[in-house]
Amino acid sequence: MKAKVSEKGQVTIPKKLREQLGIRPGAVLQFEEQAGKLVAAKSIPENPFEKWVGKGALPFGKSIDEYLDTIRDR
């Protein structure tokens, strides 16, 4: 597939490719040069909550299931 570069340096990604690759409005693409070719890849956003996984402690030293049973019984 071909696309023409506009005067502003913009290129339209063909609809068929956008659909196949799941590129939606607002998607961020990472561009780089590899062996003389322009390569674009979808940029996967970092999960802002990832840094907090495993950082908390449950009250009373209980397991998750035990804690959920406790609070549901209230």
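Cut-offs used in this document
- Residues numbered from 1 in each chain as written.
- Predicted model: local features only at pLDDT ≥ 70, side-chain atom pairs only at ≥ 80, totals over all residues.
- Heavy atoms only, no water.
- Helix = DSSP H or I, 4+ residues; strand = E, 2+ residues; numbered from the N terminus.
- Rg over C-alpha atoms; globule rule 2.2 N^0.38 Å.
- Buried < 20%, exposed > 50% of the residue type's maximum accessible area, 1.4 Å probe, protein only.
- Contact = heavy atoms within 4.5 Å.
- Areas by Shrake-Rupley, 256 points an atom, 1.4 Å probe, with all protein chains shown as cover.
- Lys, Arg positive; Asp, Glu negative; His and termini not counted.
- Charge placed at Lys NZ, Arg CZ, Asp CG, Glu CD.
- Pairing = 2+ DSSP bridges.
- Salt bridge = Lys/Arg side-chain N within 4 Å of Asp/Glu carboxyl O.
- pLDDT = per-residue confidence, 0-100.

## Side note on the overall build of the chain
Point 1. Of regular secondary structure, the chain possesses 2 helices and 2 strands.
Point 2. Each helix and strand of the chain, placed in order from N terminus to C terminus, yields the pattern α-β-β-α.
Point 3. Computed over the C-alpha atoms, the radius of gyration of the chain is 23 Å, more than 25% above the 11 Å expected from 2.2 N^0.38 for a compact globule of 74 residues.
Point 4. Dimensions of the chain along its principal axes, counting C-alpha atoms only, are 65 × 25 × 20 Å.
Point 5. For the chain, the proportion of its 74 residues judged to be buried stands at 1%.
Point 6. In the chain, 0% of the contacts between residues at least 6 apart in sequence involve partners at least 24 apart.
Point 7. Entry remark: accessible area of the chain is about 7400 Å², with carbon and sulfur atoms responsible for 55%.
Point 8. The distance from the centre of the 14 positive side-chain charges to the centre of the 10 negative ones in the chain is 11 Å.

## A look at unusual backbone geometry
Point 1. Of note in this structure, A35 is not a glycine but carries a positive phi near 50 degrees.
Point 2. Counting through the fold element by element, A35 comes out in the loop between β1 (29–34) and β2 (37–42).

## A few points about the pairing of β1
Point 1. As judged from the 6 bridges shared by β1 and β2, these two strands associate in the antiparallel manner. Bridging across to β2, L29 finds its partner in K42.
Point 2. Where β1 folds back onto β2 in an antiparallel hairpin, the turn is made up of 2 residues, including A35, whose phi is positive at roughly 50 degrees.

## Some words on the pattern of salt bridges
Point 1. As enumerated under the stated definition, the model contains 1 salt bridge in all.
Point 2. E19 serves as the salt-bridge partner of K15, at 3.8 Å between the closest nitrogen and oxygen. Of this pair, K15 and E19 both sit in helix α1 (residues 15–21), separated by 4 residues, roughly a single helical turn.
Point 3. For K15, a relative accessible area of 53% puts it in the exposed group.

## Observations regarding the environment of P48
Point 1. Mapping P48 onto the fold places it in the loop between β2 and α2 (64–72).
Point 2. Given a relative accessible area of 56%, P48 falls into the exposed group.
Point 3. Put simply, P48 and I64 are 16 residues apart on the chain and 22 Å apart in space, counted from C-alpha to C-alpha.

## A look at the environment of V53
Point 1. Inspection of the secondary structure assignment puts V53 in the loop between β2 and α2.
Point 2. V53 sits in the exposed class, given a relative accessible area of 59%.

## Points about the confidence of the model for the chain
Point 1. Per-residue pLDDT for the chain averages 89, and the proportion of residues at 70 or more is 99%.
Point 2. When pLDDT is averaged over each element of the chain, β1 comes out on top at 96 and α2 at the bottom at 86.

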